[in-house]
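Chains, contacts and geometry: an overview
Chain residues, written in single-letter form:
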Amino acid sequence: MYCNQCEQTAKGTACVKMGVCGKTPGTAALQDLLIYACQGLSLYAVAGRTAGVVDEEVNLFTCEAVFSTLTNVNFDDDRLIALIKKAVTLRESLRKKVAAAGGKTDFTEDAASFTPAADLAGMVKQGEAVNRHAENKSENADILSLKEILVYGLKGVAAYADHARILGQEDDVVYAFIQEALIAVLRDDIPLDDWVGLVLKCGEINLRAMELLDAANTGAYGHPEPTTIPLGAKKGKAILVSGHDLKDLEAILKQTEGKGINVYTHGEMLPCHAYPELKKYEHLYGHYGTAWQNQHKEFDEFPGAIVMTTNCIQKPKETYKNAIFTTGLVAWPGVKHIADKDFSPAINRALEMDGFPEDTDKGTVMAGFARNTVLSVADKVIEAVKNKDIRHFFLVGGCDGAKPGRNYYTEFVEQVPKDCMILTLACGKFRFFDKQLGDIGGIPRLLDVGQCNDAYSAVQIAVALANAFECGVNDLPLSLILSWYEQKAVAILLTLLHLGIKDIRLGPSLPAFITPNVLDVLVKNFDIKPISTPAEDLKTILG
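Attention here is on the structure that accompanies the text.

Definitions and cut-offs
The residue count restarts for each chain, going from 1 along the sequence in the order it is written. Owing to the predicted nature of the model, reporting of local features is limited to residues with pLDDT of at least 70; listing and counting of side-chain atom pairs is limited to 80 or more, with chain, interface and lining totals taken over all residues. Excluding hydrogens and water, the side-chain figures rest on all heavy atoms present in the structure. Each helix is a run of H or I in the DSSP string that is no shorter than four residues. Each strand is a run of E no shorter than two, and both are numbered from the N terminus. When a residue's accessible area, from a 1.4 Å probe over protein chains only, is under 20% of the maximum for its type it is buried; when over 50% it is exposed; and in between it is partly exposed. Note on definitions: a residue-residue contact is assigned when non-hydrogen atoms from the two residues lie within 4.5 Å. Only the protein chains shown count as cover for residues, and all accessible areas are computed by the Shrake-Rupley method using a 1.4 Å probe. Positive: Lys, Arg. Negative: Asp, Glu. His and the chain ends are not part of the count. Where a charge lies is defined by one atom per residue type: Lys uses NZ, Arg uses CZ, Asp uses CG and Glu uses CD. Here, axes are lines fitted to C-alpha atoms. For helices the fit covers the stretch in contact, and angles between N-to-C directions go from 0 to 180 degrees. By definition in this entry, angles of less than 35 degrees are roughly parallel, angles greater than 145 are roughly antiparallel, angles of 65 to 115 are roughly perpendicular, and the rest are oblique. The handedness criterion is simple: a crossing whose near helix is rotated anticlockwise from the far helix by less than a right angle is left-handed, and one whose near helix is rotated clockwise is right-handed. Polar here means any residue other than Ala, Val, Leu, Ile, Met, Phe, Trp, Tyr, Cys and Pro, which are nonpolar, and Asp, Glu, Lys and Arg, which are charged; Gly is therefore polar. Think of a polar contact as two N or O atoms within 3.5 Å of one another; within protein, one of them needs to be a possible hydrogen donor and the other a possible acceptor, and neighboring residues in sequence only count if both atoms come from side chains. Under the convention used throughout, the expected extent of a helix is 1.5 Å for every residue step, that is, one less than its residue count. The rule is short: rings of Phe, Tyr and Trp, with Trp giving its six-membered ring, pair when the centres are within 6.5 Å, and they are stacked under 30 degrees, edge-to-face over 60, tilted in between.

1. What about the overall build of the chain?
- When helices and strands are counted, the chain shows 18 helices and 16 strands.
- If one aligns the C-alpha atoms of the chain with their principal axes, the spans along those axes are about 65 × 60 × 45 Å.
- Taken over 543 residues, the chain has a buried fraction of 59%.
- Considering only intrachain contacts with a sequence separation of at least 6, the fraction spanning at least 24 residues in the chain is 74%.
- As displayed, the chain has an accessible area near 21200 Å², and 50% of this comes from carbon and sulfur atoms.
- A gap of 2 Å separates the mean positions of the 55 positive and 69 negative side-chain charges of the chain.

Here it is as structure tokens:
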């Protein structure tokens, strides 16, 4: 086992005995083998596209399979084995279609013809052999680093593309790049500078994927609007929805109507309360808990059923294992999976459980400050900047996690001067989302832009402000203070680099898969840097 894809990787280097996330060496090997199987499938997909053969099932499968290897999504070996076998079945079917269309099929790469072993142990050995750090591999460290940045970025792109497709938005440009990039990782003849270009291209494609998802979410549920969300509970039966999937939440809301069940969001589902077509459901009551890494405590105390719609799942405790359900691509061995979107098992379990015994008041938070809302008051924001009422904007967001050092983000927000605005997104916000920071001219100082994928909204806000001030984004009084954990954050970072955004501060630690030479390129070209202390960083930024 050698897995270094997340921020919490063991000893800041790699998980080699057991994943910090709970992933076993066998599961890690199967995930590596699934990526390898997708590389073989992609050889024929790219050749097919050249010959005029575009297989929609292959495109969908590639996204789902790559997404399944993202941190805290699929821990179920049986599900992973089924995906590996399906990749090979689709590959052979596509090979025949491409051959019939006169396309290239005589590939020499082993991935183009590999056959999965007959049993789990055999597949695990195959997965170990194709790991990029396997003993039989010898590669330039910097090129290997860039390959890993690309693969991890692709996992984020696949996640966003899959979410968008679920709501009817897709673009073959995204699928084509994922497949082309997977093939590139098989090659050993691409020079270093071209690898840098591929990595930045991944950021460009991720921008398109996030644009699609933004259109999907707002097209289906309306543009988010400022909404006050209770953090307490309402007496009665309850279901908790975690993950990122808005369509799953809508299905649960529809299926629980009139059943006396209140629905609560958890983690990155918090912004869902701000969408008009979701907030119209009266039994979408409030938000429970904080970020994903606190689920053991928070789920254990929740008196109802729990539905995980996407990442991030952790190994469930026995005390609530009979109350948690997965759906979509997320999976944990022994946990009831709802594949058909009939959430009756979770609903029935919620009705069996005690629910909340009484109303509780734990205050409120606000969400819904996506681009439409912020840009609707752009004139006030611009005037406040010109009048020096607003001195600086900070985007403080990204992934949360359990690793020490993340209190930096809480302390940073607390120390930001009162004449500065703070935009936030993703689960990193839970370090400070309930802080009462006041307002500037009636505009709240803390603006929740949304989920991690709503980085697209944040980018559009920045671009609009830059246009209003007739300057570049890097010339705005704007600083990005980002936290990362998994591969969607990698994809977003690559998007920011593609856009030429400079002076990003990243923490709590830099990725283990970035070599000193690659980091040097990022520093020289984009002035990216690690966080230090809140006081020091604020002094450097504000002077």
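2. Observations regarding the packing of helix α2 (residues 56-68) against helix α3 (residues 77-100)
- Contact pair α2 / α3: the axes reach a minimum separation of 11 Å and the direction vectors enclose 155°. Taken together, the axis directions place α2 and α3 in an arrangement best described as roughly antiparallel. Every pair of crossing elements has a handedness; the one defined by α2 and α3 is left-handed. For the pair formed by α2 and α3, the contact residues are Glu57, Val58, Phe61 and Ser68 on the first element and Leu83, Lys86, Ala87, Leu90 and Leu94 on the second.
- Classifying every residue of the contact of α2 with α3 gives 6 nonpolar, 1 polar and 2 charged.

3. Re the side chain of Asp248
- Structurally, Asp248 can be placed in helix α8 (residues 246-256).
- According to the relative accessible area criterion, Asp248 is buried, its value standing at 4%.
- Here the side chain of Asp248 touches Lys341 through a polar contact of 2.9 Å, side chain to side chain.
- Other than its neighbours up to four places away in sequence, Asp248 contacts Thr309, Thr327, Lys341 and Phe343.

4. A few points about the environment of Val463
- Turning to its location among the elements, Val463 is positioned in helix α15 (residues 455-468).
- The partly exposed category is assigned to Val463, whose relative accessible area is 33%.
- The sequence separation of Val463 and Tyr264 amounts to 199 residues, and the corresponding C-alpha distance is 34 Å.

5. Quick notes on the environment of Ala101
- In this structure, Ala101 sits in the loop between α3 and α4 (120-130).
- Here Ala101 falls in the partly exposed class, since its relative accessible area comes to 39%.
- Between the C-alpha atom of Ala101 and that of Gly52, which follows or precedes it by 49 residues, the distance is 7.6 Å.
- When sequence neighbours within four positions are dropped, the list of residues in contact with Ala101 reads Ala51 and Val53.

6. What about helix α16 (residues 487-498)?
- With 12 residues, α16 ought to run about 16 Å at 1.5 Å a step, and its terminal C-alpha atoms sit 16 Å apart, in line with that.
- Of all 12 residues that make up α16, 11 are buried, and the element is covered over most of its length.
- Along α16, the residues classified as buried are Gln487, Lys488, Ala489, Val490, Ala491, Ile492, Leu493, Leu494, Thr495, Leu496 and Leu497.
- Where α16 begins, the side chain of Glu486 points an oxygen toward the backbone nitrogen of Lys488, at a separation of 2.5 Å.

7. Re the packing of aromatic side chains
- Overall, the coordinates contain 17 aromatic pairs when judged by the stated rule.
- A centroid spacing of 5.0 Å and a plane angle of 65° characterise the contact between Tyr288 and Phe302, whose relative ring orientation is edge-to-face. Of this pair, Tyr288 sits in the loop between β4 (284-287) and α10 (295-301) while Phe302 sits in the loop between α10 and β5 (305-308); the two residues are 14 residues apart in sequence, bridging distant segments of the chain.
- Exposure remark for Tyr288: the relative accessible area of 13% places this residue in the buried category.
- The exposure class assigned to Phe302 is buried, which follows from its relative accessible area of 3%.
- On the basis of an interplanar angle of 55° and a centroid distance of 6.4 Å, the ring pair of Tyr288 and Phe356 is categorised as tilted. Of the two residues, Tyr288 sits in the loop between β4 and α10 while Phe356 sits in the loop between α11 (344-352) and β8 (364-367), which places them 68 residues apart along the sequence.

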